[in-house]
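Topology and contacts: notes
Single-letter residue listing:
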Amino acid sequence: MTYRVPVRPAGLAAAARSLIHRRYRDVHAVQDASFEIPAGSIVGFLGRNGAGKTTTMKILSGLLHPTSGSVDVLGHVPWRRHNDYLRRIALIRGSQPLGGAPELTVLDSFRYQQVLYDIGEDDFDRNLGELAELLDLDGLLQRQVRALSLGERMRAGLALSLLYRPAVLFLDEPTIGLDVTATATVRRFIAAYSQQTGATVLLTSHYMADVESLCPRLILIDDGRIRYDGSRDRLTATLAPTKLVRVSIPGLHSELAEFGDIVERDGDTCVLRVGRAEVATTTGRLLNRFDVADLSVQEPPLESIMDQAFRAMHADGSATPAPAGESR
Amino acid sequence: MSCASSIGVVARTARARRLVRLGRLSVWRQILGWAGAWWFAFTLALGQAIVPLLGLVVWMRVLPSASVIGPYYLAVMAVALLTGSFENHTFAQSIYSGDVADELLRPQPVAIGPLGENLAIRVWMVLLGLPLVIGVAVSTRVTYDWRGVLLAVPALMIAALLRFLFTWTFAMAAFWTERVHAAVGFVTLLITLLGGSAAPLSLMPPLLRDVANLLPFRAMLGLPAEIAAGTVAGGNILTGYAAAVGWTAVFGVAATAAWRAGVRRYTSVGG
């Protein structure tokens, strides 16, 4: 997907010249992006700001016509926007979860959706009942859209988009700006919806907790190119070959350094960085040797892994992020 | 009739029914939506009525013996309220805000949205402007020949469609520029000047009148009022209707072409 954007130097003279002779530069928003998503999967589509996530989402949903290449979603070419295609997909943007006139009630919007997507009365009642229960909508249906909070709008917007049971969901930052409770509700709902209906979900989010709880597969994009496509666990293992062992032992034990790198020490609690392969033996040795009050093994935070991945990708443009510690 | 063609007819009928239902619902939703901004609709109604009202006052002073001035300008006022179009505010804004993207992904013709909003605003303008029209009618003691009013009804409907297509076509410049208000403001001024609101076309200098008769603005405003007030008759009504239908066809084609080109651009460079 290539955009042609006008460019000119700064200043009045350049501005005047550009009136007669405009110059353009090609911007490659997405290029050589190729991937397949099996039906029923939930895939995280991640990248930094401006990496090409939303452009790709727009191409897949049918809003953008790529300069070259081919796309097949549910057997359709998305940008032809055939009604048969549009009835089977939903693009949900967290920034604009619920459109339409703000004076209308949520139920008004549902009724319009019913006509728009030819939903029979029985299906409408059943789907709305299920969605209302899952998303706790009962108190919202009679309220005007303008009176809803952001979290309520998102819940109502999600339900509205799923009333016609789309087979593919494009979720663009679905939890942006939501509080903890609303975020958890939306995450639970997306997982339940996909499981119940077999819907395919492509999710972009800057909240790694969304990705961690929903997406076993990740596609990373940077500068418009796909840099990684695979399991989240493999990415984590590749980029973070260590885990964190948090252990609480009464009394100070200087010999803990033998078990791994000490990352943090706070009173009787110590956090050790241990190689993934040694985690089992290390925890066994710790339990045998000390009077352990508490012990837990943690993955490094996904935020730091993704940050590491994006930095590595941006630094050398490699299609595969380098494991931590490797020189690039 | 074969079974296949019968099924085709049934499917087409069902599609048409669905579109009509969606259109009706769209208008109804927009009427409710605009209920929260009735005061804004009131200012729009005033904006539509103020120039004909000024024309009425001025021309009644200038030509106190001309009995058609009152009926003509009252009809212009009603036509303006019934045909006012503001797609430069409504539809252009949906392009600027990106809301048109949501519309593109709905399984319905996008025109249903702007058309529904157009009709809803007109309903509000008529409701809010009606007291003004009645007040002027009572104070000027205007009367009409019912045959003229009946003859003017099709012209009014054509004017309503033409003005929507005209404004929508120009509003679609929003796909290319963020300065759409200036362009639409200019053509709206032309409607006022050459459409019969600033002055009845019959009172214009001959050359200007001939030019105005060739342009689409009279069909948007002055023609239905002229027919209702009885200031045009016989062959001139037919000529006026022919021009109105012709311009409606032209702007129907122009709106379709602008929509296709605009969407092509929008889906090439994004919102």
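Since the model is a prediction, treat every value here as computed from it, not as a measurement.

Here we come to the overall build of chain B. A tally of helices and strands in chain B yields 12 helices and zero strands. Tracing chain B from N to C terminus, the helices and strands come up as α-α-α-α-α-α-α-α-α-α-α-α. By principal-axis analysis of the C-alpha atoms, chain B measures approximately 65 × 50 × 40 Å. Looking at chain B as a whole, 41% of its 271 residues are labelled buried.

Scanning chain A for helices and strands turns up 11 helices and 12 strands. Projected onto its principal axes, the C-alpha positions of chain A cover 70 × 60 × 40 Å. Taking all 328 residues of chain A together, 40% fall into the buried category.

All names here are of chain A. One open sheet holds the six strands; their spatial order is S4-S5-S6-S3-S7-S8, and the pairing between them is mixed. Across the chains shown, the open sheet's two edge strands, defined by having one partner strand only, are strand S4 (89-93) and strand S8 (225-231). Strand-to-strand twist in this sheet, taken as the mean axis angle between neighbours without regard to direction, amounts to 15°. Looking at chain direction, strand S3 (residues 42-46) and strand S6 (residues 200-204) are connected through three bridges and run parallel.

Let us now look at the sheet that holds strand S10 (residues 261-266) of chain A. Residues and elements named next belong to chain A. Strand order in the open sheet made by the four strands is S10-S11-S9-S12, with antiparallel pairing throughout. Both edges of this open sheet fall to S10 and strand S12 (294-298), since each of them pairs with a single strand only. When the angles between neighbouring strand axes are averaged without regard to direction, this sheet yields 20°.

All right, on to the packing of helix H3 (residues 69-83) of chain B against helix H6 (residues 112-140) of chain B then. All names here are of chain B. Where H3 contacts H6, the two axes come as close as 9 Å, and the packing angle between them is 170°. Comparing the axis directions of H3 and H6 gives the class roughly antiparallel. Facing Gly70, Leu74, Met77, Ala78, Leu81 and Leu82 of H3, the residues of H6 in contact are Arg122, Met125, Val126, Gly129, Val133, Val136, Ala137 and Thr140. Its residues assigned to classes, the contact of H3 with H6 shows 10 nonpolar, three polar and one charged.

Accessible area lost during the coming together of the parts is what is often quoted as the interface size. Each partner contributes residues to the interface: chain A has 23 residues there, and chain B has 21 residues. Mapped by element, the contributors of at least two residues to the side of chain A that touches chain B are helix H2 (53-61), helix H3 (83-86) and helix H4 (106-116) of chain A. Residue contributions to the side of chain A that touches chain B peak at four residues, all from H4(A). Of the residues in the side of chain A that touches chain B, the class split is 12 nonpolar, six polar and five charged.

Before going further, it helps to examine the domain arrangement of chain A. Segmenting chain A into domains produces domain 1 (1-30), domain 2 (32-215) and domain 3 (241-298). Centre-to-centre separation of domain 1 of chain A and domain 3 of chain A, based on C-alpha positions: 58 Å.

Moving on to the nonpolar core. Proteins that are soluble and globular tend to have nonpolar side chains buried together. Ranked by internal contacts, the top residues of the largest apolar core, which has 142 residues, are Phe170(A), Ala159(B), Leu162(B) and Ala171(B). Examining the composition of this core, we find that 13 residues originate from one element, helix H7 (residues 146-171) of chain B, more than from any other. In contact with Leu162(B), other than residues within four places in its own chain, are Pro216(B), Ala219(B), Met220(B), Ala244(B), Trp247(B), Thr248(B) and Phe251(B).

With that settled, the discussion passes to the environment of Leu156(B). Residue and element names in this part refer to chain B. Topologically, Leu156 is positioned in helix H7. Here Leu156 falls in the buried class, since 20 other C-beta atoms lie within 10 Å of it. Sequence separation between Leu156 and Leu207 is 51 residues; the distance between their C-alpha atoms is 26 Å. Those residues in contact with Leu156 that lie beyond four places of it in its chain are Val79, Leu82 and Pro224.

This part covers the environment of Val73(A). All names here are of chain A. Mapped onto the elements of the fold, Val73 is located in the loop between H2 and H3. Accessibility expressed as a C-beta count within 10 Å gives 20 for Val73, which makes it buried. Put simply, Val73 and Ile89 are 16 residues apart on the chain and 9.3 Å apart in space, counted from C-alpha to C-alpha. Apart from residues no more than four positions distant in its own chain, Val73 is found in contact with Leu60, Pro78 and Val168.

What follows deals with H2(A). All names here are of chain A. Across the nine residues that make up H2, a large majority, nine, are buried. As for H2, its buried residues are in contact with S3, S4, strand S5 (168-172), S6 and strand S7 (217-222). Positive backbone phi, at 110°, marks Gly62, one or two positions downstream of H2.

Residue and element names in this part refer to chain A. For chain A, the mean per-residue pLDDT works out to 83, and 93% of the residues sit at or above 70. The spread of mean pLDDT over the elements of chain A runs between strand S1 (residues 2-7), the lowest at 72, and H3, the highest at 93. Confidence over residues 322-328 falls short of pLDDT 50; this stretch has 12 contacts with residues more than four positions distant or in other chains.

Before going further, it helps to examine helix H4 (residues 90-97) of chain B. Residues and elements named next belong to chain B. Within H4, the full set of buried residues consists of Phe91, Ala92, Ser94 and Ile95. Considered in projection along H4, the buried side chains sweep an arc of 155° and stay on one side of the axis. Close packing links the buried residues of H4 with helix H5 (99-104), H6, H7 and helix H8 (180-194). Downstream of H4 by one or two residues, Gly98 has phi in the positive range, about 90°.

The next point concerns the confidence of the model for chain B. On average, chain B scores 90 in pLDDT, and the residues at 70 or more come to 98%. Here the prediction assigns the complex a pTM of 0.81, and the interface score ipTM is 0.79.

Residue and element names in this part refer to chain A. Phi at Asp136 is positive, roughly 55°, even though this residue is not glycine. Among the structural elements, Asp136 can be located in the loop between helix H5 (121-135) and helix H6 (150-162). We classify Asp136 as partly exposed; it has 15 C-beta atoms within 10 Å. Even without a glycine there, the phi angle at Asp223 is positive, about 50°.

Cut-offs and rules
- Residues numbered from 1 in each chain as written.
- Chains lettered and ligands numbered in written order.
- Predicted model: local features only at pLDDT ≥ 70, side-chain atom pairs only at ≥ 80, totals over all residues.
- Helix = DSSP H or I, 4+ residues; strand = E, 2+ residues; numbered from the N terminus.
- Buried ≥ 20, exposed ≤ 12 C-beta atoms within 10 Å, placed from the backbone.
- Pairing = 2+ DSSP bridges.
- Axes fitted to C-alpha atoms, helices over the stretch in contact; angles between N-to-C directions.
- Parallel < 35°, antiparallel > 145°, perpendicular 65-115°, else oblique.
- Contact = placed C-beta atoms within 7 Å.
- Nonpolar A, V, L, I, M, F, W, Y, C, P; charged D, E, K, R; others polar.
- Domains from an automatic or database assignment.
- Core = buried A, V, L, I, M, F, W, Y, C linked by C-beta atoms within 7 Å.
- pLDDT = per-residue confidence, 0-100.
- Arc of directions from axis to C-beta.

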